[in-house]
Amino acid sequence: MPFIYQRTVRFSDTDAAGVVYFANVLTLCHEAYEASLAATGIDLRAFFSGVDVALPIAHANVDFFRPMFCGDRLVVHLIPKPLQESEFEIAYAVFLEGKLERSVSNAQTRHVCIDPGTRERRSLPLEINQWLEQWATPS
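As the structure is a computational prediction, the values presented were derived from the model and not from experiment. (Residues numbered from 1 in each chain as written. Predicted model: local features only at pLDDT ≥ 70, side-chain atom pairs only at ≥ 80, totals over all residues. Heavy atoms only, no water.)

A. Here's a closer look at the overall build of the chain. When its secondary structure is counted, the chain shows 3 helices and 5 strands. Taken against the 2.2 N^0.38 rule, which gives 14 Å for 139 residues, the C-alpha radius of gyration of the chain at 16 Å falls within 12% of a compact globule. Considering only C-alpha atoms, the chain reaches an extent of 45 × 30 × 25 Å along its principal axes. Relative to its 139 residues, the chain shows a buried fraction of 40%. Pairs at least 24 apart in sequence give 65% of the contacts found in the chain among residues at least 6 apart. For the chain, the computed accessible surface area is about 7800 Å², with 53% contributed by carbon and sulfur atoms. (Helix = DSSP H or I, 4+ residues; strand = E, 2+ residues; numbered from the N terminus. Rg over C-alpha atoms; globule rule 2.2 N^0.38 Å. Buried < 20%, exposed > 50% of the residue type's maximum accessible area, 1.4 Å probe, protein only. Contact = heavy atoms within 4.5 Å. Areas by Shrake-Rupley, 256 points an atom, 1.4 Å probe, with all protein chains shown as cover.)

Structure (C-alpha cells):
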C-alpha cells in the first residue's frame, strides 16, 4: 500500500496561466514525504535539523499529463524503495480526487544519506529503514 496524502491546490501554487507552477509539484511531493515520515512516528523537527544525518535529494524528475488548477483536490500516492545502504528513491503519483485511474503527474526523487559534518555517505538510519519497511512495496 502506498502512503496517501491529500491536498487542495492553493492560489499560491499556481503561475500566471492559472495552473500549478512546475516546481510546486516537487513541493507538493515533499509535503507528502514529510507527512509519511510523521505518520511513521518520526519527529520532523529533530529529523530535519541535520545534526546526525542529512538526506539530500540527489536527483528529481517530474512528468506532467494534465494541468492542475486552484481548488483541485489532489491525492498523492508515495512509494519509497531502498536502493543501496545509503540511498533510497521515492515514486510519487499525483491524481485528481475521484479520478484514480490516471495520474495528472508523476515524480521521483532519489535521496542519499550523508554525515552532515564530513559530507560523506553513511548508512541509512534505523528510523528511515523502518519508514521504508512500512511504505515500500514488497519486491
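B. Representation of the pattern of salt bridges. For the coordinates displayed, the defined rule picks out 5 salt bridges. In this structure, glutamate 31 and arginine 7 form a salt bridge, with 2.6 Å as the shortest nitrogen-oxygen distance. A residue pair is termed long-range when its members are at least 10 positions apart, and glutamate 31 in helix α1 (residues 22-39) and arginine 7 in strand β1 (residues 3-8) qualify at 24 residues. By relative accessible area, which is 21% here, glutamate 31 ends up partly exposed. Residue arginine 7 is classed as buried on the basis of its relative accessible area, which comes to 8%. Notably, a salt bridge pairs glutamate 87 with arginine 121, separated by 2.7 Å at the nearest N-O pair. (Salt bridge = Lys/Arg side-chain N within 4 Å of Asp/Glu carboxyl O.)

C. Quick look at helix α3 (residues 126-135). Ile128, Trp131, Leu132 and Trp135 are the residues of α3 that are buried. Around the axis of α3, the buried residues are gathered within 100 degrees of arc, so they sit on the same side. Across from the buried face of α3, at angles greater than 90 degrees, the exposed residues are Leu126 and Glu133. Each element contacted by the buried residues of α3 is listed here: β1, α1, α2 (44-47), β3 (73-84) and β4 (87-96). (Arc of directions from axis to C-beta.)

D. Spotlight on the packing of aromatic side chains. This model, assessed by the stated rule, comprises 7 aromatic pairs. Between tyrosine 33 and phenylalanine 48, the ring centres sit 6.3 Å apart and the planes meet at 80 degrees, which makes this aromatic pair edge-to-face. With a gap of 15 residues between them, tyrosine 33 in helix α1 and phenylalanine 48 in the loop between α2 and β2 (57-64) connect regions that are remote in the sequence. Look at tyrosine 33 and you get buried, because its relative accessible area is 1%. What makes phenylalanine 48 partly exposed here is its relative accessible area of 40%. (Phe/Tyr/Trp six-rings, centres within 6.5 Å; stacked < 30°, edge-to-face > 60°.)

E. Fine view of the sheet that holds strand β5 (residues 105-112). Strand order in the open sheet formed by 5 strands is β1-β3-β4-β5-β2, and the pairing between neighbours is antiparallel. Sheet topology places β1 and β2 at the edges, where each strand pairs with a single neighbour. Neighbour to neighbour, the strand axes of the sheet diverge by 20 degrees on average, direction disregarded. As defined by bridge partners, β1 adjoins β3 across 6 bridges and the pair is classed as antiparallel. Counterpart to glutamine 6 in the pairing with β3 is valine 75. Packed onto the sheet, α3 meets β1, β3 and β4 and runs at close to 120 degrees relative to β3. (Pairing = 2+ DSSP bridges. Axes fitted to C-alpha atoms, helices over the stretch in contact; angles between N-to-C directions.)

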